[in-house]
Amino acid sequence: MSARSVEVRLVKSGRTKIRYRAELLADDGVRLTVRAPWAGEGGRDFGFVRFEPGDVFTEHYWRDRWYSVKEVRTGDGVLKGWYCDVTRPAEFSGGELTAEDLDLDLWVSHDGASVLRLDEDEFAASGLAERDPEAAAQAVQALDELELLARLGKLTDLLA
């Protein structure tokens, strides 16, 4: 399959958080892989990593899993690490890939030495556990699974 342009739409709390163009690299019916440059305004320093213009994200989304995994590299190909978003399973229709962000995230450094659970406070404050306990349980399970894979050095096995 030749690469084609798609629109990635990340949704949070029912609103579009960000929308950007990406190149669809693969779609096997379950996992979609896209590549896009950093879509944020300017740079963003998280303290443990800085995303900046020129960075390239190879993003993996699943239709049957509650997360996405984004490999982050500098413009000249140096691996920074993996940013994992806990999301509802991705949907792809009419050239638009949509994923709903459920607040929980995981960062894994390029060498696997740093594995950080992120935004657990935002998740708790979101009210998802009260509104949709099943989705909240899926989200926590997804974060636990990603963390375990990262700590075992097997996160990249998902991407093979």
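Residues numbered from 1 in each chain as written. Predicted model: local features only at pLDDT ≥ 70, side-chain atom pairs only at ≥ 80, totals over all residues. Heavy atoms only, no water.

**Q** Even after reading the chapter, I still don't get the overall build of the chain, so can you show me in this structure?
**A** The secondary structure content of the chain amounts to three helices and eleven strands. Listing the helices and strands of the chain from first to last along the sequence gives β-β-β-β-β-β-β-β-β-β-β-α-α-α. Compactness check: the chain gives a C-alpha radius of gyration of 15 Å against a globular reference of 15 Å for 160 residues, within 12% of the reference. Across its three principal directions, the C-alpha atoms of the chain cover 40 × 40 × 30 Å. Expressed as a percentage of its 160 residues, the buried residues of the chain come to 44%. (Helix = DSSP H or I, 4+ residues; strand = E, 2+ residues; numbered from the N terminus. Rg over C-alpha atoms; globule rule 2.2 N^0.38 Å. Buried < 20%, exposed > 50% of the residue type's maximum accessible area, 1.4 Å probe, protein only.)

**Q** Please explain the pattern of salt bridges as it appears in this structure.
**A** Opposite charge on two side chains allows them to pair when their charged atoms are near. Summed over all chains, the structure comprises 19 salt bridges. The shortest N-O distance in the salt bridge between Lys70 and Asp85 comes to 2.5 Å. Taken together, the residues Lys70 in strand β7 (residues 67-73) and Asp85 in strand β8 (residues 79-87) connect sequence positions 15 residues apart. Asp85 carries the same exposure label as Lys70, and that label is buried. The salt bridge partner of Arg117 is Glu147, with a shortest N-O separation of 2.6 Å. Within this pair, whereas Arg117 is found in strand β11 (residues 115-118), its partner Glu147 is found in helix α3 (residues 133-151), the two being separated by 30 residues in sequence. Using a relative accessible area of 27% as the deciding quantity, one classes Arg117 as partly exposed. With a relative accessible area of 16%, Glu147 lands in the buried category. (Salt bridge = Lys/Arg side-chain N within 4 Å of Asp/Glu carboxyl O.)

**Q** What's the story with the pairing of β11 in this structure? I'm lost.
**A** In summary, the side chains of a regular strand alternate between the two faces of the sheet. Pairing of strand β10 (residues 96-109) with β11, which is carried by four bridges, proceeds in the antiparallel orientation. Within the sheet, the bridge partner assigned to Trp107 lies in β11 and is Leu116. Adjacent in sequence and paired antiparallel, β10 and β11 are bridged by five residues, among which Gly112 carries a positive phi angle near 75°. (Pairing = 2+ DSSP bridges.)

**Q** Explain the side chain of Glu71 here, please?
**A** For Glu71, the position within the fold is in strand β7. Among the polar contacts made by the side chain of Glu71, one reaches the side chain of Arg73 at a distance of 2.9 Å. Discounting chain neighbours no more than four positions away, the residues touching Glu71 are Val56, Phe57, Thr58, Leu79, Gly81 and Trp82. (Polar contact = N/O pair within 3.5 Å; in protein donor to acceptor, adjacent residues only side chain to side chain. Contact = heavy atoms within 4.5 Å.)

**Q** Help me understand α3 in this model?
**A** One turn of the α-helix equals 3.6 residues, which is why residues spaced by three or four share an orientation. Taking 1.5 Å of rise per residue, 19 residues should cover 27 Å, and α3 covers 27 Å from first to last C-alpha, within 8% of that figure. Buried within α3 are the following residues: Ala135, Ala136, Ala139, Ala142, Leu143, Leu146, Glu147, Leu149 and Ala150. Taken around the axis of α3, the buried residues stretch over an arc of 165°, which confines them to a single face. Of the exposed residues in α3, the ones pointing more than 90 degrees away from its buried face are Pro133, Glu134, Gln141, Leu148 and Arg151. Where the residues of α3 are buried, they touch β7, β8, β10, β11, α1 (120-126) and α2 (128-131). Looking at the residues trailing α3, positive phi occurs at Gly153, about 75°. (Expected span 1.5 Å × (residues − 1). Arc of directions from axis to C-beta.)

**Q** What's the story with the nonpolar core in this structure? I'm lost.
**A** Of all hydrophobic cores here, the largest spans 25 residues; its most connected members are Val69, Leu106, Leu146, Leu155 and Leu158. Those elements that provide at least two residues to this core are β7, β8, β10 and α3. Other than its neighbours up to four places away in sequence, Val69 contacts Thr58, Glu59, His60, Trp62, Trp82, Tyr83, Cys84, Leu146, Leu155, Leu158 and Leu159. Ranked by size, the runner-up nonpolar core spans 14 residues in total, among them Leu10, Leu24, Val34 and Ala99. (Core = buried A, V, L, I, M, F, W, Y, C linked by side-chain atoms within 4.5 Å.)

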